[in-house]
There are 2 protein chains.
Amino acid sequence: MKTIPLLEPLAAELEQVERKLLEPTHPDYPQLTAVLESLLLSGGKRLRPALVLLAGSFYPTDREKLVSLAASVEMLHTATLVHDDLIDGALVRRGRTTLNARWNAGATVLAGDYLFARAAALAAATGNVRVMTIFAETLMTICGGELRQIFDRRELPRLDDEQAWQSALDRYDQRIYAKTASLFAAATEAAAVLSQAPEAHVVALREYGRLLGTGFQIMDDVLDFQGDEQVLGKPVGSDLREGIVTLPVLYFLREHPDDERIASVVRDGGQDAVVQEVVTAVRESGAVARAMDRAREFIAQSQAALAVLPEGQARDLMHALADYTIARDR
Amino acid sequence: MKTIPLLEPLAAELEQVERKLLEPTHPDYPQLTAVLESLLLSGGKRLRPALVLLAGSFYPTDREKLVSLAASVEMLHTATLVHDDLIDGALVRRGRTTLNARWNAGATVLAGDYLFARAAALAAATGNVRVMTIFAETLMTICGGELRQIFDRRELPRLDDEQAWQSALDRYDQRIYAKTASLFAAATEAAAVLSQAPEAHVVALREYGRLLGTGFQIMDDVLDFQGDEQVLGKPVGSDLREGIVTLPVLYFLREHPDDERIASVVRDGGQDAVVQEVVTAVRESGAVARAMDRAREFIAQSQAALAVLPEGQARDLMHALADYTIARDR
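Colleague: How should the overall build of chain A be read in this particular structure?
Modeller: Along chain A, the regular secondary structure elements total 16 helices and two strands. Its C-alpha radius of gyration of 20 Å places chain A within 12% of the 20 Å reference for a compact globule of 330 residues. In terms of overall dimensions, chain A has a C-alpha envelope of 55 × 50 × 30 Å along the principal axes. For chain A, with 330 residues in total, the buried portion stands at 60%. Relative to all contacts within chain A whose residues are 6 or more apart in sequence, the contacts with residues 24 or more apart total 76%. Taken as a whole, chain A presents about 13,000 Å² of accessible surface, with 48% of it coming from carbon and sulfur. Side chains of chain A carry 35 positive and 47 negative charges; the gap between the two charge centres is 2 Å.

Quick look at the structure:
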């Protein structure tokens, strides 16, 4: 597991999270165990577990339970990725082939379900009903958002006037909340609840998570246009190919409402050469820069939300983590 | 909602479960709400919620929470059916077209996930950590079993000697535990826990659920051979077509180890005429009767498990419900 350098102070506990993630629960399914292990090990930077560990550090907390919560959040994240990849038909993620590129759809659905179940069991291991409720509601938000994304896919938003623009932006914000920010918010809120933080601090930590997650996802959407395919581990413009309109595209469409190429890619996918052309056009317009500015605003707000919390290493690291999310290249 | 006559005393509370199941949680997705409603309304006999209501009737219990638990169990059951149908590629269940026959696979996966999430939220509404833990562990058991079924599919068990036979029977028992009995057991155990029953009664109620569920599933497997397609709402021999070897087939294979037709249907699916031939052969052999005898044994054991519980209407209904599971025709 490779996290980012600034999270080095959490290394020992992140290692415990790692062990928790890989704990065999059904040792009699060697085939399944191997697949789940590979899924969990191909995992990313463990930002979500780090958020749990940090947000649970302002008050004395049972660290064992916090580690369970951190593992639960990462497990839930991994489960949603497995189903996501199946739905998108994605064959590569993080530079590795996805599960559905190797298994049949049925086994992939079930492996995702199994990870959901393990995530629920890890959340239950916190012994905290409010934490369990946050877990269940977040899963509902994530799935609801994914469903909406399926219904909205391949629809070109109409940006005729200010009201239409605002409504398209609202829909985008709701989508990235469901997709990413809700789980970040759940991670920090649940950790605060577990540490019995005063309610004002629970609210502040949830707010930090939500704002950080929002900025993080906008940055993801920016990287889908200006990132390096080698570093990203996936092709650029992949959302566009899937007919998903992200913030850089919204800004671009606002300036070029009659761009036929973008309309055709959103509606029909379009040929590789056309997608490349559109990616270049969006990248060279001011749209990507404008999206980055908006990500920076959310990140600044997330840092402002930390102000009410006790000073110290946890708060400093959370501040630095926010800066990192917009400085990263993948 | 149509339950069975003997559950009439529970009608008012089952109606509350029904309302809980259909509570809109995201009123802004009319498309999703309509689909989920149709899924939940196409539901069966509500045996699982009835088990929860009955098992929670031996001690004074918060009925509101018990209704949440009953709805949670039925929601979890519905979620697994949605994913099951996707995996099997089944187009008809309970005489209606399945979700995946109308939607694409992605939307079906997510609708199932969404139901899992709502089930988890309903379980959390009981406010009981042990209930949540039972919920999560049961989901793990169900998914683990489904995965094993995928790996075992289209494998003809070898029944050369007594040891091989015993091992094939054990594998069958494990599979039906995961598929059906585990959720029956969870329903009765969790209800007992919620009603703060003494531990010996929690154990007895769990045991009743497990044994009842085992008998119930064997009977389901029997009906797959001798049922009436019109009443069942699905074609007979459907497991066999899917390459799944159930108890009647095991008994048949024990007597006819060299039957080539059955081997070919299990391994390759086979033509409709051959499947019909095999179904008739199994039906006319003693295999179906032997499977029914085994179901009756489990049902008798489930009734015996009730002996330690306080006498009264709940116990009488549970006893009658056990008789019903083997007398039913669908």
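Colleague: Where do I start with the interface of chain A and chain B in this structure?
Modeller: The extent of an interface is frequently quoted as the accessible surface area lost upon association of the parts. Chain A puts 38 residues into the contact, and the matching count from chain B is 38 residues. For the chain A and chain B pair, buried surface summed over both sides reaches about 3,400 Å², with 81% attributable to carbon and sulfur atoms. Across the contact surface, chain A and chain B share zero salt bridges. At the level of secondary structure, the elements contributing two or more residues to the side of chain A that touches chain B comprise helix 2 (30-41), helix 4 (63-88), helix 6 (105-124) and helix 7 (129-152) of chain A. No other element matches helix 7 of chain A, which puts 14 residues into the side of chain A that touches chain B. A class-by-class count of the residues in the side of chain A that touches chain B yields 24 nonpolar, nine polar and five charged.

Colleague: Could you clarify how one ought to interpret the side chain of Asp113(A) in this entry?
Modeller: Along the chain, the position of Asp113(A) falls in helix 6. Other than its neighbours up to four places away in sequence, Asp113(A) contacts His83(A), His83(B), Asp113(B), Phe116(B) and Cys143(B).

Colleague: How should the pattern of salt bridges be read in this particular structure?
Modeller: Two side chains carrying opposite charge are able to pair once their charged atoms lie near each other. Residues and elements named next belong to chain B. A complete count under the given rule lists 36 salt bridges over all chains for this structure. Two residues, Arg254 and Glu162, come together in a salt bridge whose shortest N-O distance is 3.0 Å. With Arg254 in helix 12 (residues 247-255) and Glu162 in helix 8 (residues 162-194), this residue pair connects regions lying 92 residues apart in the sequence. The partly exposed category is assigned to Glu162, whose relative accessible area is 49%.

Colleague: Can you help me understand the packing of helix 9 (residues 199-226) of chain A against helix 16 (residues 313-327) of chain A in this one?
Modeller: Axis angle and axis distance: for two packed helices, these are the angle between their axes and the distance between the axes, and together they describe the pair. Residue and element names in this part refer to chain A. Two elements in contact, helix 9 and helix 16, have axes whose closest approach is 8 Å; the angle formed by their N-to-C orientations is 20°. Overall, the two elements helix 9 and helix 16 adopt an arrangement that is roughly parallel. Along this stretch, helix 9 crosses helix 16, giving a crossing that reads as left-handed. For the pair helix 9 and helix 16, contact is made by Leu205, Tyr208, Leu212, Phe216 and Met219 and by Met318, Leu321, Ala322, Thr325 and Ile326, respectively. Class assignment for the residues of the contact of helix 9 with helix 16 results in nine nonpolar, one polar and no charged.

Colleague: I'm lost on the packing of helix 15 (residues 287-305) of chain B against helix 16 (residues 313-327) of chain B in this one. Help?
Modeller: All names here are of chain B. Between helix 15 and helix 16, whose axes approach to 9 Å, the crossing angle comes to 175°. Considered as vectors, helix 15 and helix 16 are oriented roughly antiparallel to each other. In contact with Met292, Ala295, Arg296, Ile299, Ser302 and Gln303 of helix 15, helix 16 contributes His319, Ala322, Asp323, Thr325 and Ile326. A breakdown of the residues in the contact of helix 15 with helix 16 according to their chemical character gives five nonpolar, four polar and two charged.

Colleague: Honestly, the state of the cysteines in this entry has me stumped. Any pointers?
Modeller: Any covalent bond linking the sulfur atoms of two cysteines counts as a disulfide. Tallying each qualifying case throughout the model produces zero disulfides over all chains. The cysteine Cys143(A) is free of any disulfide, with Cys143(B) supplying the nearest cysteine sulfur at 13 Å.

Colleague: Looking at this structure, I do not really get the relation of the copies chain A and chain B. What am I missing?
Modeller: One copy of the chain maps onto the other through a rotation about an axis plus a displacement along that axis. Mapping chain A onto chain B is achieved by rotating through 180° and translating by 0.0 Å along the same axis, at an RMSD of 0.0 Å. The superposition of one copy onto the other is thereby described by a two-fold rotation axis. Every residue of chain A has its C-alpha some distance from the rotation axis, and the shortest such distance is that of Val129(A), at 3.0 Å.

Colleague: How do you make sense of the environment of Glu229(A) when you look at a structure like this?
Modeller: Residues and elements named next belong to chain A. With respect to the helices and strands, Glu229 occurs in helix 10 (residues 229-232). Separated by 119 residues in sequence, Glu229 and Leu110 place their C-alpha atoms 30 Å apart. Sequence-distant contacts of Glu229, that is, excluding residues within four places in its chain, are made with Lys234, Pro235, Val236 and Gln276.

Colleague: Explanation requested: the packing of aromatic side chains in the structure shown.
Modeller: Each aromatic ring pair is characterised by the separation of its centres together with the angle its planes make. Applying the stated criterion to the full structure yields four aromatic pairs over all chains. A centroid spacing of 5.6 Å and a plane angle of 40° characterise the contact between Trp165(A) and Tyr251(A), whose relative ring orientation is tilted. With Trp165(A) in helix 8 (residues 162-194) and Tyr251(A) in helix 12 (residues 247-255), this residue pair connects regions lying 86 residues apart in the sequence. Across the pair, exposure class does not vary: Trp165(A) and Tyr251(A) are buried alike. An angle of 40° between the planes, with centres 5.2 Å apart, marks the rings of Phe184(B) and Phe216(B) as tilted.

Colleague: Please explain the nonpolar core as it appears in this structure.
Modeller: Here is a general trend for soluble globular proteins: nonpolar side chains tend to be buried in one another's company. In terms of nonpolar packing, the biggest core is built from 229 residues, with Leu69(A), Ile218(A), Leu250(A), Leu321(A), Ile218(B), Leu250(B) and Leu321(B) touching the most fellow members. Non-local contacts of Leu321(B), meaning those with residues more than four positions away in its chain, are made with Ile4(B), Leu6(B), Leu7(B), Leu47(B), Leu51(B), Leu54(B), Tyr208(B) and Leu212(B).

About the cut-offs
- Residues numbered from 1 in each chain as written.
- Chains lettered and ligands numbered in written order.
- Predicted model: local features only at pLDDT ≥ 70, side-chain atom pairs only at ≥ 80, totals over all residues.
- Heavy atoms only, no water.
- Helix = DSSP H or I, 4+ residues; strand = E, 2+ residues; numbered from the N terminus.
- Rg over C-alpha atoms; globule rule 2.2 N^0.38 Å.
- Buried < 20%, exposed > 50% of the residue type's maximum accessible area, 1.4 Å probe, protein only.
- Contact = heavy atoms within 4.5 Å.
- Areas by Shrake-Rupley, 256 points an atom, 1.4 Å probe, with all protein chains shown as cover.
- Lys, Arg positive; Asp, Glu negative; His and termini not counted.
- Charge placed at Lys NZ, Arg CZ, Asp CG, Glu CD.
- Buried area = accessible area lost by both parts, 1.4 Å probe.
- Salt bridge = Lys/Arg side-chain N within 4 Å of Asp/Glu carboxyl O.
- Nonpolar A, V, L, I, M, F, W, Y, C, P; charged D, E, K, R; others polar.
- Axes fitted to C-alpha atoms, helices over the stretch in contact; angles between N-to-C directions.
- Parallel < 35°, antiparallel > 145°, perpendicular 65-115°, else oblique.
- Left-handed = near helix turned anticlockwise from the far one by under 90°.
- Disulfide = S-S within 2.5 Å.
- Least-squares fit on C-alpha atoms with pLDDT ≥ 70 in both.
- Phe/Tyr/Trp six-rings, centres within 6.5 Å; stacked < 30°, edge-to-face > 60°.
- Core = buried A, V, L, I, M, F, W, Y, C linked by side-chain atoms within 4.5 Å.

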